[in-house]
Protein chains: 2
Amino acid sequence: MSIVTLIGAGQMASALTFPLFENGHEVRLVGSPLDDGVIDRLRQDNYHVNLLRTLHEGIHYYKNAERGQALEGAELVVCGVSSFGVDWFGDEVLPALDERVPVISVTKGMLDLEDGTMLTYPEYWKKKLPEESRLKLYAIGGPCTARDLADHDPSFVGYCGPDMDILRWIRSLFATDYYIISLTKDVAGLECAVALKNGYALGTALAVGMAEKAGDDGIDHHNSEAALFQQSVKEMLELLRIVGGGMDNIMYAAGDLNVTVAAGRSRTVGLLLGKGLPMEEVLRRLKGQTLEAVVIATRTARAVKALAKAGKVQESDFPLLMHVNALLNEGAELNIPWKEFQKEM
Amino acid sequence: MSIVTLIGAGQMASALTFPLFENGHEVRLVGSPLDDGVIDRLRQDNYHVNLLRTLHEGIHYYKNAERGQALEGAELVVCGVSSFGVDWFGDEVLPALDERVPVISVTKGMLDLEDGTMLTYPEYWKKKLPEESRLKLYAIGGPCTARDLADHDPSFVGYCGPDMDILRWIRSLFATDYYIISLTKDVAGLECAVALKNGYALGTALAVGMAEKAGDDGIDHHNSEAALFQQSVKEMLELLRIVGGGMDNIMYAAGDLNVTVAAGRSRTVGLLLGKGLPMEEVLRRLKGQTLEAVVIATRTARAVKALAKAGKVQESDFPLLMHVNALLNEGAELNIPWKEFQKEM
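None of the values given here were measured: they were computed from a predicted structure.

### Some details on the overall build of chain A
A count of helices and strands for chain A gives 14 helices and 12 strands. In terms of C-alpha radius of gyration, chain A reaches 20 Å, essentially the compact-globule figure of 20 Å for 345 residues. Residue burial in chain A is summarised as follows: out of 345 residues, 63% are buried. Long-range pairs, those at least 24 residues apart, make up 70% of the contacts in chain A between residues at least 6 apart in sequence.

### Describing the packing of aromatic side chains
Under the counting rule described, the total for this entry stands at 15 aromatic pairs over all chains. Aromatic side chains Trp 338 of chain B and Phe 341 of chain B sit 5.6 Å apart centroid to centroid with 70° between the ring planes, which places their arrangement in the edge-to-face category. Taken as a pair, Trp 338 of chain B and Phe 341 of chain B share a single burial class, namely buried. Cluster of aromatic residues (ring-pair linked, three or more members): Phe 89, Tyr 121 and Trp 125 of chain A.

### Some details on unusual backbone geometry
Leaving glycine out, the prevailing phi sign among residues is negative, and the prevailing peptide bond configuration is trans. All names here are of chain A. Unusually for a residue other than glycine, Asn 46 sits at a positive phi of about 65°. Counting through the fold element by element, Asn 46 comes out in the loop between α2 (36–45) and β3 (47–48). With a relative accessible area of 8%, Asn 46 lands in the buried category.

### Quick look at the sheet that holds strand β11 (residues 155–160) of chain B
Residue and element names in this part refer to chain B. An order of β5-β2-β1-β6-β7-β10-β11-β12 is seen for the 8 strands of this open sheet, with the pairing classed as mixed. Edge positions in the sheet fall to β5 (60–62) and β12 (179–184), since each of these pairs with one other strand and no more. Ignoring strand direction, the axes of neighbouring strands in this sheet form an average angle of 25°. Bridging between β11 and β12 involves 6 bridges; their strand directions are parallel. In the strand pairing of β12, Cys 160 is matched with Thr 184. On top of the sheet, helix α5 (residues 121–128) reaches β6 (76–79), β7 (103–105) and β10 (137–141); it is set at about 160° to β10, its chief contact.

### Re the interface of chain B and chain A
Contacts between the two partners involve 60 residues from chain B, matched on the other side by 61 residues from chain A. The contact between chain B and chain A buries some 5,100 Å² in all, and 55% of this surface belongs to carbon and sulfur atoms. In this structure, the connection of chain B to chain A is made through 6 salt bridges. In this structure, Asp 248 of chain A engages Arg 241 of chain B in a salt bridge whose closest nitrogen and oxygen atoms are separated by 2.7 Å. Counting across the interface, chain B meets chain A through 38 residue pairs in polar contact (both at pLDDT 80 or more). Counting residues per element, the ones that place at least two in the side of chain B that touches chain A are α6 (146–150), β11, α7 (164–174), β12, α9 (222–243) and α10 (250–262) of chain B.

### Observations concerning α10 of chain B
Residues and elements named next belong to chain B. The terminal C-alpha atoms of α10, which comprises 13 residues, lie 18 Å apart, in line with the 18 Å expected from a rise of 1.5 Å per residue. With 12 of 13 residues buried, α10 lies mostly within the body of the structure. When we look at burial in α10, the residues that qualify are Ile 250, Met 251, Tyr 252, Ala 253, Ala 254, Gly 255, Asp 256, Leu 257, Asn 258, Val 259, Thr 260 and Val 261.

### Focus on the sheet that holds strand β6 (residues 76–79) of chain A
Residues and elements named next belong to chain A. The strand order across the open sheet built from 8 strands is β5-β2-β1-β6-β7-β10-β11-β12, with neighbouring strands paired in mixed fashion. The sheet is open, and its two borders are formed by β5 (60–62) and β12 (179–184), each paired with just one other strand. Adjacent strand axes in the sheet meet at a mean angle of 25°, parallel and antiparallel pairs treated alike. Across the sheet, helix α1 (residues 11–22) touches β1 (3–7), β2 (26–30), β6, β10 (137–141), β11 (155–160) and β12, and the angle it forms with β2 is around 175°.

### Points about the relation of the copies chain B and chain A
Once chain B has been moved 0.0 Å along the axis and rotated by 180°, it coincides with chain A to within an RMSD of 0.0 Å. Those values place the two copies in the arrangement expected of a two-fold rotation axis. The share of interface residues of chain B whose copies in chain A are also at the interface is 100%, consistent with both copies meeting through the same surface.

### Side note on the side chain of Asn 258 of chain A
Its place among the elements puts Asn 258 of chain A in helix α10 (residues 250–262). The buried category is assigned to Asn 258 of chain A, whose relative accessible area is 10%. Aside from chain neighbours lying at most four places away, what touches Asn 258 of chain A is Phe 229 of chain A together with Glu 225, Ala 226, Phe 229 and Asn 258 of chain B.

### Things to note about helix α4 (residues 86–93) of chain B
All of the buried residues in α4 of chain B are Val 86, Trp 88, Phe 89, Gly 90 and Val 93 of chain B. Tucked inside the fold, the buried residues of α4 of chain B contact β1 (3–7), α3 (67–71), β6, β7 and α5 of chain B.

Criteria and cut-off values
Residues numbered from 1 in each chain as written. Chains lettered and ligands numbered in written order. Predicted model: local features only at pLDDT ≥ 70, side-chain atom pairs only at ≥ 80, totals over all residues. Heavy atoms only, no water. Helix = DSSP H or I, 4+ residues; strand = E, 2+ residues; numbered from the N terminus. Rg over C-alpha atoms; globule rule 2.2 N^0.38 Å. Buried < 20%, exposed > 50% of the residue type's maximum accessible area, 1.4 Å probe, protein only. Contact = heavy atoms within 4.5 Å. Phe/Tyr/Trp six-rings, centres within 6.5 Å; stacked < 30°, edge-to-face > 60°. Pairing = 2+ DSSP bridges. Axes fitted to C-alpha atoms, helices over the stretch in contact; angles between N-to-C directions. Buried area = accessible area lost by both parts, 1.4 Å probe. Salt bridge = Lys/Arg side-chain N within 4 Å of Asp/Glu carboxyl O. Polar contact = N/O pair within 3.5 Å; in protein donor to acceptor, adjacent residues only side chain to side chain. Expected span 1.5 Å × (residues − 1). Least-squares fit on C-alpha atoms with pLDDT ≥ 70 in both.

What follows is the structure in structure tokens.
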């Protein structure tokens, strides 16, 4: 039995309590500064008001103010903040952690620097730590919706980080017959693959919206969705090359694209844009929701543009990303650049 | 304007008449020996009884017995037979063709030799031709259902073959604003990618059947479908390595997997097996239908087993394929080997 402390009581961290608790570990779930209400309700009857599931009786709940207590004796720390909590986690939480205790993050995303460098969150956090810190950062990627995991639907993800022995130990804490985990030391590859797919899920879902707008026209529109899916995989392969990630990570990107196009907010944004709504109206309709796909597509497009300016890539290799970015940020009208997908390979 | 003769009046060859005819070419559609009835009806009112669409007025229709006439002056020959007509095309049609006229095939599939070599149809046909033949064979792959193409839903495919100049010319005949074509000389890569995905579409659709069997249990089951999708991409990447195909071709495999899991017979077979029906019962229900996914999964599994015996690959790298094969050919009961998906990469 180990003690595992999860920081951020979002849907995914909370779903991870299922395999951890069922494997017999002491599970401590700590809310972020925004999660006090979530923790209050969990303490009442274990019901998570955003996950919409009842967690196991026996899990320990802490508010952010009680974080120190939750970390006492912890053998593994899980970062479960959303991508909008990345700086809070890096600035407030990380420096206070025992650097001998590994940290694994389930936050998906990526940052871009001015020169077009795309940075995973583990890399970003590492930069915030003092150089002499021995803290080791691990991360989780792959197609896994929180509710399906909580419901024990078989889920297959990747865990990555610098030390294979520690990865194996972390896996031993989490793995169950319904939570399947492959391991890799290729952090840039896995993390970028799963970050990118949010933007491309939005891009692929444009076809879903176009089909909805066309209405009952007797056409299945499978081809146009597959065309955007295919182009997404193509562009993600190029991006994996740029970050120096192994090509095999495309499996996570493609698997994750499959599930993200099927459900979730990234799909919704793409669907509404695909129906021809302007971004302004999409934002109005989804007001108050965190739209990670918009953030990641914008960042990726900005990185590609910076790299193109430096002569390192060609914007014309990313026609779908560029059009998504134009829809999101430049007020463009929907007009999939199909012809630009045509390449000689 | 060019003269294009399509041999085999199946759904896909017939759908290809849309872009060809709209681009102003003389289009000649020739039935296989099994297509006389299809041709009879097309001659009446251009209605295709299997495609369920009306072809353009002005297309010329020929029965197999009139094939010689249809080939007079043809500048491009399109092979549109199903994978069950591959030997007929190789033995009866190919030897009679003018070897200066390029042939492009839309038949998806693959053959396996005893030593585990996986052979694309262009390679297989090439072997049947006399060594001195200068006939050049091209092929079409990628996610494209015939009906969606006929309905002008944007479709994105790959054309492959030995000569890039000829590929460009062929593309100029077919490409429209809704039919998007990339080009590659990597025949093994593209053809294997799109052949393999049929077997893996069946494998991924197991999750669809499992979800249907579970019924209205409040679980979305997105994760398990994505898990099988992801594992399919993983195994297809391994297979691409085996045939020496470029990794980028995984875009076609993944795009095609997306559309094939969404609709079609490969999905149906996987879905029924996923519901727990034995293969015998699945075959009874689908009696009379050509089940290419069953053929390709069986062939691929046989090739992997032969290669494993020769020490060239490990069966354990293909747990999904092996389980699909056991379901199809060994009377196994459904039991997805989730744990075997766990790897260190």
